[in-house]
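# Secondary and tertiary structure notes
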Amino acid sequence: HAAAAPGTGGTGISVLGPISGFGSVVINGVHYDESGARITLDGAGAGSSALRLGMVADVQGTRAADGLTGVAQSIDIWSIAQGPVASTGAGSFTVMGMNITLKSATFVEVALSVGQKVAVWGLQADAGGSQWVATRVEAAAGSKAVVTGTVAGSGDSRSINGIRLTGDKADGLSAGVIYRVEG
């Protein structure tokens, strides 16, 4: 990331957190001007109109000396899961083998039911990468599947959350490392 020019009072930052407001993009209580930022959503270019409350954003930019405002140079947003809901419970659900907890602050934009295809944004809740806290859940369309978790196995037998991974790129994944896999 680029640091602010000397004497401007800004400091170069890299911050990760859920979007909690607009008027600018608000992350972790700081208002970032996103008007000149490069924005991506799951790797594809997007405009600021694609940003939604609860999406977890990785912001690169500068923050003013007041600590309350900044300028985003890039905003990258990645869902942690996309696929059909496998099960639901009190305050939780499972998708793509991921155990996902809902909190009162989670933005849930769809009725969660078994079979409903969803996109999930959230944060890791344990060191092993098997527990997640959703910050946003919405209906998803299409056939894309996304799973995030710890890779197990080796050679031709790699998996994440019990889902078998195949293909040339799967061979390069290291066991014990948390990855986001799309396919």
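Everything discussed here concerns the structure shown above.
To keep things clear, this report deals only with the structure shown in the data block.

Criteria and cut-off values
- Residues numbered from 1 in each chain as written.
- Predicted model: local features only at pLDDT ≥ 70, side-chain atom pairs only at ≥ 80, totals over all residues.
- Heavy atoms only, no water.
- Helix = DSSP H or I, 4+ residues; strand = E, 2+ residues; numbered from the N terminus.
- Rg over C-alpha atoms; globule rule 2.2 N^0.38 Å.
- Buried < 20%, exposed > 50% of the residue type's maximum accessible area, 1.4 Å probe, protein only.
- Contact = heavy atoms within 4.5 Å.
- Areas by Shrake-Rupley, 256 points an atom, 1.4 Å probe, with all protein chains shown as cover.
- Core = buried A, V, L, I, M, F, W, Y, C linked by side-chain atoms within 4.5 Å.
- Polar contact = N/O pair within 3.5 Å; in protein donor to acceptor, adjacent residues only side chain to side chain.
- Salt bridge = Lys/Arg side-chain N within 4 Å of Asp/Glu carboxyl O.
- Pairing = 2+ DSSP bridges.

## Section: the overall build of the protein chain
Counting secondary structure elements, the protein chain contains zero helices and 17 strands. Scaling as 2.2 N^0.38, a compact globule of 183 residues should have a C-alpha radius of gyration of about 16 Å, and the protein chain matches this with 18 Å. Considered along the principal axes of its C-alpha atoms, the protein chain spans approximately 55 × 40 × 30 Å. Residues classed as buried in the protein chain amount to 37% of the 183 residues present. A fraction of 57% describes how many contacts in the protein chain between residues 6 or more apart in sequence connect residues 24 or more apart. For the protein chain, the exposed surface amounts to about 8800 Å²; the carbon and sulfur share of it is 54%.

## Structural notes on the nonpolar core
Counting residues in hydrophobic clusters, the biggest one holds 20 residues, and the most contacted among them are Phe93, Val95, Ile100, Val118 and Val120. Only strand S8 (81-89), strand S9 (92-95), strand S10 (98-101), strand S12 (117-124), strand S13 (131-139) and strand S14 (146-154) provide two or more residues apiece to this core. Take this core: its biggest share by element is three residues, from S13. Val120 has contacts with Ser79, Ile80, Ala81, Phe93, Val95, Ile100, Ala134, Arg136 and Val137, leaving out every residue within four places of it along the chain. Core analysis: the next-biggest nonpolar cluster, separate from the first, contains 19 residues, Ile27, Tyr32, Met55 and Ile75 among them.

## Quick notes on the side chain of Gln82
By the element assignment, Gln82 lies in strand S8. For Gln82, a relative accessible area of 7% puts it in the buried group. Reaching out from Gln82, the side chain makes a polar contact with the side chain of Asp42 at a distance of 2.9 Å. A distance of 3.0 Å separates a polar atom in the side chain of Gln82 from a polar atom in the side chain of Ser79. Discounting residues that sit within four places of it in the chain, Gln82 has contacts with Asp42, Met96, Val118, Ala119, Lys144, Ala145 and Val146.

## Overview of the pattern of salt bridges
Close approach of charged atoms lets side chains of opposite charge pair. Tallied over the entire structure, the rule returns eight salt bridges. The residue Asp42 makes a salt bridge to Lys144 at a minimum N-O spacing of 3.8 Å. Of this pair, Asp42 sits in the loop between strand S4 (38-41) and strand S5 (44-46) while Lys144 sits in the loop between S13 and S14, placing them 102 residues apart in sequence. Residue classification places Asp42 among the buried positions, given a relative accessible area of 13%.

## Section: the pairing of S8
One face of the sheet, then the other: side chains in a regular strand alternate in exactly this way. Here S8 pairs with S12 via four bridges, running antiparallel. Within S12, the residue paired with Ala81 across the bridge is Val120. Strand direction decides the pairing type here: S8 and S9, joined by four bridges, are antiparallel. For Gly89, the partnering residue across the bridge sits in S9 and is Ser92. Hairpin connection of S8 to S9: two residues between the antiparallel strands, including Gly91 at a positive phi of 75°.

## Some details on the environment of Glu182
Here Glu182 lies in strand S17 (residues 178-182). With 41 residues separating them along the chain, Glu182 and Ala141 place their C-alpha atoms 15 Å apart. Discounting chain neighbours no more than four positions away, the residues touching Glu182 are Lys144, Ala145 and Val146. One polar contact links Glu182 to Arg180, side chain to side chain, over a distance of 3.2 Å.

## Observations regarding the side chain of Asp76
Checked against the element boundaries, Asp76 lands in strand S7 (residues 69-77). Since its relative accessible area comes to 16%, Asp76 is described here as buried. Polar side-chain contacts of Asp76 include one of 3.0 Å to the side chain of Arg38. With sequence-adjacent residues up to four places away left out, Asp76 is seen in contact with Arg38, Thr40, Val56, Ala57 and Asp58.

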